[in-house]
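Here is how the chains run, residue by residue.
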Amino acid sequence: MDKEILLKTENLNVDFKMKDGLPFVKKKFVRAVTDVSVEIFRGETFGLVGESGCGKSTFANATLGLLRPSSGKVIFCGKDVSSLKGAKLKEERRRMQKIFQDPAASLNPRFSVLDIVTEPLLIRGGYNKEERRRLAIEMLEKVGLSEADLPRSASEFSGGQQQRIAIARSLIIRPEYLVCDEPVSALDVSVHAQILNLLVDLQREMGVTYLFISHNLAVVKKICSRMAIMYLGKVVEYGSTEKIFSNPLHPYTKALMSAVLDTDVTHKKERIILKGDVSSPVNPPAGCRFCKRCPVAKEDCEKVPCMLEEVETDHFVACRFINK
Ligand SMILES: Nc1ncnc2c1ncn2[C@@H]1O[C@H](COP(=O)(O)OP(=O)(O)OP(=O)(O)O)[C@@H](O)[C@H]1O
Ligand SMILES: [Mg+2]
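Model, not experiment: these values are computed from the prediction.

Definitions and cut-offs
- Residues numbered from 1 in each chain as written.
- Chains lettered and ligands numbered in written order.
- Predicted model: local features only at pLDDT ≥ 70, side-chain atom pairs only at ≥ 80, totals over all residues.
- Heavy atoms only, no water.
- Pairing = 2+ DSSP bridges.
- Helix = DSSP H or I, 4+ residues; strand = E, 2+ residues; numbered from the N terminus.
- Axes fitted to C-alpha atoms, helices over the stretch in contact; angles between N-to-C directions.
- Near = heavy atom within 4 Å.
- Polar contact = N/O pair within 3.5 Å; in protein donor to acceptor, adjacent residues only side chain to side chain.
- Areas by Shrake-Rupley, 256 points an atom, 1.4 Å probe, with all protein chains shown as cover.
- Nonpolar A, V, L, I, M, F, W, Y, C, P; charged D, E, K, R; others polar.
- Phe/Tyr/Trp six-rings, centres within 6.5 Å; stacked < 30°, edge-to-face > 60°.
- Buried < 20%, exposed > 50% of the residue type's maximum accessible area, 1.4 Å probe, protein only.
- Lys NZ or Arg CZ within 6 Å of the ring centre and 35° of its normal.
- Domains from an automatic or database assignment.
- Contact = heavy atoms within 4.5 Å.
- Buried area = accessible area lost by both parts, 1.4 Å probe.
- Salt bridge = Lys/Arg side-chain N within 4 Å of Asp/Glu carboxyl O.

Trainee: In this structure, what is going on with the sheet that holds strand β13 (residues 315-317)? I would like to understand it.
Mentor: Through backbone hydrogen bonds, the strands of a sheet pair up, either in parallel or in antiparallel fashion. Read from one edge of the open sheet, 8 strands run β7-β8-β9-β4-β10-β11-β13-β12, paired in mixed fashion. At either margin of the open sheet sits one strand with a lone partner, and together these are β7 (96-99) and β12 (309-312). Neighbouring strand axes in the sheet, compared pairwise and without regard to direction, differ in orientation by 20 degrees on average. Note that β12 and β13 share 3 bridges and pair antiparallel. Of the residues in β13, the one forming a bridge with Glu312 is His315.

Trainee: Would you mind showing me how to read the site of ligand 1 here?
Mentor: Around ligand 1, a shell composed of 14 residues is seen, among which Ser52, Gly53, Lys56, Ser57 and Thr58 lie nearest. Here an oxygen atom of ligand 1 and a backbone polar atom of Cys54 are 3.2 Å apart. Between an oxygen atom of ligand 1 and a side-chain N or O atom of Ser57, the distance comes to 2.9 Å. Relative to its unbound accessible surface of 630 Å², ligand 1 loses 61% to contact with the protein. For the shell around ligand 1, the elements supplying multiple residues, two or more each, are β2 (29-36) and α1 (56-63). If you tally residues by element for the shell around ligand 1, the top one is α1, at 3 residues. Of the residues contributing to the shell around ligand 1, the split by class is 5 nonpolar, 6 polar and 3 charged.

Trainee: So what exactly am I meant to see when it comes to the packing of aromatic side chains here?
Mentor: Given two aromatic rings, their pairing is described by the distance between the two centres and the angle made by the two planes. As enumerated under the stated definition, the model contains 6 aromatic pairs in all. A centroid spacing of 6.0 Å and a plane angle of 55 degrees characterise the contact between Phe46 and Tyr238, whose relative ring orientation is tilted. With Phe46 in strand β4 (residues 45-49) and Tyr238 in strand β11 (residues 234-240), the pair connects residues that are 192 residues apart, well separated along the chain. Summarising the burial analysis for this pair, Phe46 and Tyr238 share the class buried. Between Tyr231 and Phe290 the ring centres are 4.9 Å apart and the planes differ by 80 degrees, which places this aromatic pair in the edge-to-face class. Here Phe290 lies in the loop between α10 (251-258) and β12 and Tyr231 lies in strand β10 (residues 226-231), a separation of 59 residues in the sequence. Each member of the pair, Tyr231 as well as Phe290, is classed as buried. Aromatic ring contacts, followed pair by pair, group Phe46, Tyr238 and Phe316 into a single cluster. For Arg152, the ring lying beneath its charged end belongs to Phe157, and the centroid distance is 4.2 Å.

Trainee: Explain the domain arrangement of the chain here, please?
Mentor: By convention, interface size is frequently given as the accessible area that disappears when the constituent parts associate. The assigned domain composition of the chain is domain 1 (5-95 + 175-317) and domain 2 (96-174). One C-alpha centre belongs to domain 1, the other to domain 2, and the line joining them spans 28 Å. Counting residues at the interface gives 29 residues for domain 1, matched by 22 residues for domain 2. Of the roughly 2300 Å² buried where domain 1 meets domain 2, counting both sides, 66% is carbon and sulfur surface. Three residues stand out in domain 1 for area buried against domain 2, namely Arg94, Pro175 and Met206, and they jointly supply 26% of the buried area on that side. Ionic pairing is found between Lys142 and Glu205, a salt bridge with its closest N-O pair at 2.6 Å. For the pair domain 1 and domain 2, the interface holds 12 residue pairs in polar contact (both at pLDDT 80 or more). Those elements giving two or more residues to the side of domain 1 that touches domain 2 turn out to be α1, α2 (86-93), β8 (177-181) and α7 (189-206). For the side of domain 1 that touches domain 2, the element with the most residues is α7, which contributes 8 residues. Looking at the side of domain 1 that touches domain 2, its residues break down into 17 nonpolar, 4 polar and 8 charged.

Below, the structure is given as structure tokens:
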């Protein structure tokens, strides 16, 4: 059976204009996301990894319609949402939600849990008070909280519990697509596994598709079926998580993977330490953006365009020196 594409991007670009304020000086742009074309299948967890500032959140926000692409498309359920505006965009956005890194900052401490969790129902409209309360209890029970928690304020809860409240709020309107932007990195390590297991269980139960942004490759390996690795706004490797982990091909992916703690002592790995400075997203090289730090780069890598190519089924790499 063919997998259904829930969301895909086609040559997605997001540039931010820099405010330098000088007249007659050519405007500079931060090229936060450049030419990203990926497909996310319905019901899967799609991982997005890469170092800080490489454009993960910008990409996610563009897929949610929170940022308008500078060029390219976001296709959600077969519809080009990047060209929608006003009420039409709002309607599509109701099928998408996001949970943030820091639940404390994303929940209003003055609101009760009932207010927080039912807010999306109020915005959507069409639910009376009774129904909103019933759905809130149902959702709280799914995330391991209970009816007794409804009148309490969000600030009374621990970080892990606050993230459960945020998850309940996001899922109460049964979205099809949920962006989890580093959902556990602000939480105590002791609750990471609980929240991740909860997300996995809820996906199984509700069939929601996740875009899962993380710095933790071990977690990505465990919960993501497919993934993309970004470097300075561009995807350098993309496809099946299993294939990428068993056969990392891009020099940047290899360096990232070499830093992951591996318990398999039979499979000895050499740690690759990257040298050189990260290029600036303001003036990125026209060719490969990793070339300044790449151990196999040739002089012209900086100029020669470097496209993602499929090296095996569902495994794409953007490097000129990969043997197919
Ligand atoms: N509103 C904005 N205006 C200007 N530049 C921005 C804006 N938002 C992001 N950027 C820039 O775009 C680039 C990508 O930022 P983004 O937040 O997407 O990175 P990230 O991969 O999510 O990083 P992190 O792992 O730290 O969350 C960075 O260079 C950032 O400084
Ligand atoms: Mg981010």
